[in-house]
Amino acid sequence: MDLSSLVDFANDATADIAKYQVPFVLNAEKILADGHPVAALNWQSISYGDAELNNVPDDKRGIYAFVIHRTSGILPPHGYILYIGIAGRNSDRSLRARYKDYLNPKKVIKRDRIARMIGTWNPVLKFFFASVDDNVSSADLEALEKQLNTAFMPPFSEGDLEGDAKRKRRAFR
């Protein structure tokens, strides 16, 4: 029996579909929740890469997200949050300094999930960021990161979830 056509189909399907498949969890109650440690955030974004690096603040801490996003005259508004993190975890490290880590292949390759994220979606990957005032504590910044990660459970963010959400999430992996 010649199964080569089935093997070819399976390989093509994997290359065309499975490569891009990730689970998304969106918790409506957590998305609607109030009580964030900051009153509001002014989100901005750049396309992944170093072309717009100077648009990321070099003197501010903050929160950031990697999002699959493409503005188009045909596509409806959309975005898929893949990862949420913070710059300035117990330090004054700026958003730009943190973003540069994601532009360094030697650092990225050490983080399997992040390497897959960037390697797969870099043509349509956006780096969203929001700086915070200096009076926002590291504890508040970390609490905000946990709140957002718990609400969106981005597929490439493993930790930094509220309470036992990390354990519950593992039940579905």
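In the block above lies the structure referred to throughout.
Residues numbered from 1 in each chain as written. Predicted model: local features only at pLDDT ≥ 70, side-chain atom pairs only at ≥ 80, totals over all residues. Heavy atoms only, no water.

Draft legend 1. Representation of helix 6 (residues 138-152) within the structure. Helix length check: helix 6 (15 residues) gives 21 Å between terminal C-alpha atoms against 21 Å at 1.5 Å per residue, within 8%. All of the buried residues along helix 6 are Ser138, Leu141, Leu144, Glu145, Gln147, Leu148, Asn149, Thr150 and Ala151. Summarising the contacts, the buried residues of helix 6 are in contact with helix 2 (28-32), strand 2 (62-68), strand 3 (80-87) and helix 7 (165-170). Looking one or two residues past helix 6, Met153 carries a phi angle of roughly 40 degrees, positive in sign. (Helix = DSSP H or I, 4+ residues; strand = E, 2+ residues; numbered from the N terminus. Expected span 1.5 Å × (residues − 1). Buried < 20%, exposed > 50% of the residue type's maximum accessible area, 1.4 Å probe, protein only. Contact = heavy atoms within 4.5 Å.)

Draft legend 2. Expanded view of the environment of Thr150. Structurally, Thr150 is set in helix 6. Residues within four places of Thr150 in sequence aside, it is in contact with Asn27, Lys30, Leu161, Glu162 and Ala165. Of note is the side chain of Thr150, whose polar atom sits 2.8 Å from the backbone nitrogen of Glu162. (Polar contact = N/O pair within 3.5 Å; in protein donor to acceptor, adjacent residues only side chain to side chain.)

Draft legend 3. Region of the structure containing the packing of aromatic side chains. In total, this model carries 14 aromatic pairs according to the counting rule given. With a centroid separation of 5.9 Å and an interplanar angle of 65 degrees, the aromatic rings of Trp121 and Phe156 are classed as edge-to-face. Note that Trp121 is positioned in helix 5 (residues 112-121) and Phe156 in the loop between helix 6 and helix 7, a separation of 35 residues in sequence. Judged on exposure class, the residue Trp121 and its partner Phe156 are both buried. Taken together, the ring pairs connect Tyr48, Tyr64, Phe66, Tyr83, Tyr99, Tyr102, Phe127 and Phe129 into an aromatic cluster. (Phe/Tyr/Trp six-rings, centres within 6.5 Å; stacked < 30°, edge-to-face > 60°.)

Draft legend 4. Spotlight on the pattern of salt bridges. In the structure shown here, the tally under the stated rule is nine salt bridges. When the shortest N-O distance is used, the salt bridge between Asp101 and Arg93 registers 2.9 Å. Relative accessible area serves as the criterion here: at 33%, Arg93 is assigned to the partly exposed category. We note a salt bridge from Arg113 to Glu158, for which the minimum N-O separation is 3.8 Å. Within this pair, whereas Arg113 is found in helix 5, its partner Glu158 is found in the loop between helix 6 and helix 7, the two being separated by 45 residues in sequence. The partly exposed category is assigned to Glu158, whose relative accessible area is 26%. Members of the salt-bridge network, linked through shared partners, are Arg93, Arg98, Asp101 and Lys107. (Salt bridge = Lys/Arg side-chain N within 4 Å of Asp/Glu carboxyl O.)

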